[in-house]
Amino acid sequence: NTTIASNFIQNAIEEDQKNGKYTEGIHTRFPPEPNGYLHIGHAKSICLNFGLAEHNHGLCNLRFDDTNPTKEDTEYVDSIQEDIHWLGFSWQNRMFYASDYFDKLYDYACELIKKGLAYVDDLSADEIRAYRGTLTEPGKESPYRNRSVEENLDLFARMKAGEFADGEKVLRAKIDMASPNMVLRDTVIYRIAHAHHHRTGDAWCIYPMYDFAHPLSDAIEGITHSVCTLEFEEHRPFYDWLLESLGFDANTRPRQIEFARLNLTNTVTSKRKLRQLVEEHFVSGWDDPRMPTISGLRRRGYTPASLRKFCEEIGVAKADSLVDVSMLEHCVRDDLNENADRVMAVLRPLKVVITNYPEDKEEYLLADNNPMHGGSRFVPFSREIYIEQEDFMEEPPKKYFRLKPGGEVRLKHAYIIKCEEVIKDENGKVVELHCTAYLDSKTGGATAGRKIKGTIHWVAAKTALPAEVRLYDYLIESDENGNVPADFLEALNKNSLETIENAWIEPSVKLTAAGTHYQFLRTGYFVVDPDTTPDKLVFNRVVGLRDSWAK
Ligand code: ATP
Ligand code: MG
Ligand code: MG
């Protein structure tokens, strides 16, 4: 993995080891909060954390960062594990929950109090904010800041025992209200929340804040490099202060390193916004094929290899940037071009009768599956076939090489045909074509080599299978710079799903399972959707054939 080998985090790891740190080995973690489904941004973090561990012959933990009881749920815990596995990574026996450390974290908080480095504050959340000051003005000390160790221990124990209501008291680190770093202005480390936790139930009514729980969970697990996104850069001094204050050895304790989060054009990567799309029914669920969740991308037909390739291509940087979503599409197109079998499907059918082909005849024509891997199959041909409506024009422009009245076209894997008659309904709409075939123009036949400009795909009407085909466009429009507006609901694309109910596909796909990929010749890459029933195949378009990604 070239990205891992050369990125700045790997350099930092090598530097650390050169300086005699982390001699026991490298240990990373992926720490999702189970309050939603993983998205493409998380994939970047997963590839990075598991990739760093692998590259350094180290370990990577999966840790559920479940310290915020009201938004978390076991549904998310399950989906997160499924998605990481599907992406191709394994934590083996190293799956942990921050909530498993609640007892230890409580003890560490008491230790901090005993060292005179934490205090119980009675100020309200609004008051704490007001006292905190601004970037240009120092903060003001709380009147409760100088409580004795005994009083703080007693009040903290009573917070734990449930004597106070939500918001009545908090535990704060005692650092420096004049620090230029706002996080060091006595950040809150415990709050009261009489809330049911998905794992610890009602055992706790105080919960540790991220700034307190995260560094300590890292330290408890023996993490060496705690990789996180840039918005935590300002929190790093507190991370170090906390571990230093509690006596963790500087040569072995974890070190936080920040990288730029993934931003994609036409895409929101925030669980809060994705949840809104689900809850307000703009999409069918977290796994709607238009969603940038891992489960949505999977259902859309993205492969694990294509997502890993994408994460490798975008690299890891220290500065925020915006990646064009066409690059993501490029990665899956590349993968499917190599690996998906080709089949013929007609999305918007126009019936063609081959008038000189016997009514009771049926033959099977050899068709290649994939130019890179070989393999072939037989495709049935008979007197009535379907072609795409758009492959016929009654009054075509000059360079139209598909079918036109009196014109000729080659049917892929089959005959050259000539359009003899156009049948219309009472409104003048073309409903059927009568054609003749050059019966010696198949591969191997006398006129097979004739030069014909156009080749089109088709399916035999008698044997084709009915299919529903779902075509997707971006869920969200970007502005001219590729950015999604802050009010992303304003930018929702109302036409992001087009459902074609009456498509036809060749019978070779009959018994394929959901998740199987195909290239529909001339049309795009498609995957079998789990909505498929024995009576009807359902396909999602993964991407079109043409690549718009320019390196
Ligand atoms: P969101 O803002 O979508 O809720 P989060 O950071 O709160 O994301 P977590 O579950 O806490 O979600 O994320 C787990 C890990 O994934 C964190 O280490 C986080 O930094 C990383 N991560 C989240 N979003 C991205 C992203 N867009 N790009 C890279 N890494 C990300
Ligand atoms: Mg988070
Ligand atoms: Mg978040």
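Scroll up for the structure.
Everything quoted here is computed from the prediction, not taken from an experiment.

Enquirer: Let's hear about the overall build of the protein: which residues, and what values?
Expert: Assigned secondary structure in the protein consists of 13 helices and 27 strands. Here the C-alpha atoms of the protein give a radius of gyration of 31 Å, more than 25% beyond the 24 Å that 2.2 N^0.38 yields for 551 residues. Overall size of the protein, expressed as C-alpha extent along the three principal axes, is 100 × 55 × 45 Å. In the protein, which comprises 551 residues, the share counted as buried stands at 39%.

Enquirer: How would you explain the sheet that holds strand β6 (residues 188-192) if you had to name every residue and give the values?
Expert: Read across the open sheet, the 4 strands follow the order β4-β5-β6-β7; overall the sheet is antiparallel. Whereas interior strands pair on both sides, the edge strands pair on one side only; in this sheet they are β4 (118-121) and β7 (206-208). Neighbour-to-neighbour, the strand axes of the sheet open up by a mean angle of 20°, direction not taken into account. Here β6 pairs with β7 via 3 bridges, running antiparallel. Looking at β7, one finds that Arg191 is bridged to Tyr207.

Enquirer: For the environment of Glu498, give the residues involved together with the corresponding values.
Expert: In this fold, Glu498 is placed in strand β24 (residues 497-505). C-alpha of Glu498 to C-alpha of Asp360: the two residues are 138 residues apart in sequence and 37 Å apart in space.

Enquirer: Any details on helix α8 (residues 210-221)? Residues and values, ideally.
Expert: In this model, α8 (12 residues) spans 16 Å end to end at C-alpha, consistent with the 16 Å of a helix rising 1.5 Å per residue. Among the residues of α8, Phe212, Ala213, His214, Pro215, Leu216, Ser217, Asp218 and Ala219 are the ones counted as buried. Looking one or two places after α8, you find Gly222, whose phi comes out positive at around 75°.

Enquirer: Explain the packing of helix α5 (residues 102-114) against helix α7 (residues 149-160) residue by residue, including any values.
Expert: Interaxial distance between α5 and α7 falls to 9 Å at its minimum, and their mutual angle equals 160°. Looking at the two axes, α5 sits roughly antiparallel to α7. Here the hand of the crossing between α5 and α7 comes out right-handed. Each of Tyr106, Ala109, Cys110, Ile113 and Lys114 in α5 lies in contact with α7, whose residues at this interface are Val149, Asn152, Leu153, Phe156 and Lys160.

Enquirer: I'd love a proper account of the site of ligand 1, names of residues and values included.
Expert: What surrounds ligand 1 is a group of 15 residues, the closest being Pro32, Gly41, Thr229, Arg261 and Lys271. Within the residue set of the shell around ligand 1, elements represented by two or more residues are α3 (40-55) and β8 (225-229). With 4 residues, the single largest contributor to the shell around ligand 1 is α3. Looking at the shell around ligand 1 residue by residue, the classes come out as 4 nonpolar, 6 polar and 5 charged.

Enquirer: Run through the pairing of β8, naming residues and quoting values.
Expert: Examined bridge by bridge, β8 and strand β9 (residues 255-259) share 5 bridges and lie parallel to one another. Bridge pairing links Ser226 to Gln256 in β9. Following the chain from β8 across helix α9 (residues 236-245) to the adjacent parallel β9, one finds a crossover that is right-handed.

Enquirer: Tell me about unusual backbone geometry, and please be specific about residues and values.
Expert: Glycine aside, a negative phi is what most residues show, and trans is what most peptide bonds show. Of note in this structure, Tyr22 is not a glycine but carries a positive phi near 55°. Residue classification places Tyr22 among the buried positions, given that 21 C-beta atoms sit within 10 Å. At Gln92, a residue that is not glycine, the phi angle is positive and equals roughly 50°. Residue placement: Gln92 occurs in the loop between α4 (74-87) and β3 (95-97).

Enquirer: Kindly report on the packing of α8 against α9, identifying the contributing residues and their values.
Expert: With their axes 10 Å apart at the nearest point, α8 and α9 run at an angle of 60° to one another. Taken together, the axis directions place α8 and α9 in an arrangement best described as oblique. Handedness of the crossing formed by α8 with α9: right-handed. Where α8 abuts α9, its residues Asp211, Phe212, Pro215 and Ala219 lie against Phe238, Tyr239, Leu242 and Leu243. Grouping the amino acids of the contact of α8 with α9 by side-chain chemistry returns 7 nonpolar, no polar and 1 charged.

Enquirer: Describe the sheet that holds strand β2 (residues 59-64), and please don't skip the residues or the numbers.
Expert: One open sheet holds the 3 strands; their spatial order is β1-β2-β3, and the pairing between them is parallel. Of all the strands in the sheet, just β1 (27-30) and β3 have a single pairing partner and so form its edges. Averaged over neighbouring strand pairs, the angle between their axes works out to 35° when direction is ignored. Two strands pair when backbone bridges link them, and β1 and β2 are joined in this way by 4 bridges, in the parallel orientation. In the sheet register, Arg29 faces β2, and the bridge partner there is Asn61. α8 contacts β1, β2 and β3 of the sheet and is inclined by roughly 135° relative to β2.

Definitions and limits used
- Residues numbered from 1 in each chain as written.
- Chains lettered and ligands numbered in written order.
- Predicted model: local features only at pLDDT ≥ 70, side-chain atom pairs only at ≥ 80, totals over all residues.
- Helix = DSSP H or I, 4+ residues; strand = E, 2+ residues; numbered from the N terminus.
- Rg over C-alpha atoms; globule rule 2.2 N^0.38 Å.
- Buried ≥ 20, exposed ≤ 12 C-beta atoms within 10 Å, placed from the backbone.
- Pairing = 2+ DSSP bridges.
- Axes fitted to C-alpha atoms, helices over the stretch in contact; angles between N-to-C directions.
- Expected span 1.5 Å × (residues − 1).
- Parallel < 35°, antiparallel > 145°, perpendicular 65-115°, else oblique.
- Left-handed = near helix turned anticlockwise from the far one by under 90°.
- Contact = placed C-beta atoms within 7 Å.
- Near = placed C-beta within 6 Å.
- Nonpolar A, V, L, I, M, F, W, Y, C, P; charged D, E, K, R; others polar.
- Right-handed = clockwise from strand over helix to strand, strands pointing away.

In short, shape yes, function no, at least from these values alone.
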